[in-house]
Amino acid sequence: MRIGFSLPQYGAMAQELDKLADFARQAEELGADSLWVGDRVLAAVNPSVGYGGMDTIPWQLHATLDPFVALSVAASVTERALLGTSTLIAPWYPPLLLARSLTGVDVVSRGRLLPGLGTGWSPEEYQGVGVPWKERGARLDECLDVLEAVWTTEPVAQHDGRHYAFTAAHIGPKPVQRPRPPVYLSGFAPASQRRAARRADGILPVALPVRGSAFDPAAVVNRPLQQVRRMAEAEDRDPAGIDAILRINPTSESTVPQIADIILRTGDETDVDHVFVDFVYLADQGVDQALELLRQTLELTR
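Residues numbered from 1 in each chain as written. Predicted model: local features only at pLDDT ≥ 70, side-chain atom pairs only at ≥ 80, totals over all residues. Heavy atoms only, no water.

### Side note on helix α3 (residues 95-108)
Piece 1. The terminal C-alpha atoms of α3 lie 20 Å apart, and with 14 residues this matches the ideal 20 Å at 1.5 Å per residue to within 8%.
Piece 2. Inspection of α3 places P95, L98, A99, L102, T103, V105 and D106 among the buried residues, and these make up the whole buried set. Along the axis of α3, the buried residues cluster in a sector spanning 155 degrees; they form a single face. For α3, exposure combined with an orientation more than 90 degrees from the buried face picks out R100 and V108.
Piece 3. Buried residues in α3 make contact with α2 (67-77), β3 (82-85), β4 (88-89), β5 (113-114) and α5 (136-152).
Piece 4. Immediately downstream of α3, the backbone of R110 shows phi near 60 degrees, a positive value. (Helix = DSSP H or I, 4+ residues; strand = E, 2+ residues; numbered from the N terminus. Expected span 1.5 Å × (residues − 1). Buried < 20%, exposed > 50% of the residue type's maximum accessible area, 1.4 Å probe, protein only. Arc of directions from axis to C-beta. Contact = heavy atoms within 4.5 Å.)

### Looking at the sheet that holds strand β12 (residues 243-244)
Piece 1. Pairing is parallel in the open sheet, where 5 strands are placed in the order β4-β6-β9-β10-β12. Edge positions in the sheet fall to β4 and β12, since each has one partner strand and no second.
Piece 2. With 2 bridges connecting them, β4 and strand β6 (residues 116-118) associate as parallel partners. Paired with I89 across the strands is G118, a residue of β6. (Pairing = 2+ DSSP bridges.)

Structure below.
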């Protein structure tokens, strides 16, 4: 089982961003297999859609470090840990610029990028970046087309899409990973599952534990993965080629033994062999506490 952790990007840890490099370095030394970032641009004071079923957005998401800055810092101080995004809100970015940023991370990390893409949940964030909320799915589909072309062809053919256009061009460098980095997609709605079945190398399910016993591997991992694999087979894709990386989001009430139980049960009861833990709600004392939680988690699971 590969076990990763989110980089200090949000919450109390966002007040100690000067410790990010030390966190990444020490996390790898302690045995972390991957390091992860998310993507936020604002937290609306009066959101039309709250976070996780709430009416508001938690204070931990009120400040955030740019994900590409965080990945670049982590890439520069680590040698082995994979570098993942869960998730980048792809429709916010012009696809050529997104391709350039992602390729840069893959190149400087010598092929350690794991790009996870999604559409997000906040209409106010779309308004803030000037992208229509109702176009999010179509823009993600076109972004996937552009990434595929930029990463796998040279020169890149002219693109005349619904939302983006560019002339035939030389676009380099190419990613270290061949033919391209594996693309993971998030989302649980039927349309998101269909997109993953057609386009993704894997999916990004999420466990939201309060108690370790509340984790249901079948509901969180097995059924969604099986559903996407069935859809992929209907698209004449090899269902075995689609995997999953499980994100574990502990609450402020969670304990390290409960987190460890979820990791161990994931290994025993699912096909998933890669998980990562986000301590944003648990590490309310900052980066040093997150590192200690990381150390304890690895001790209980290795």
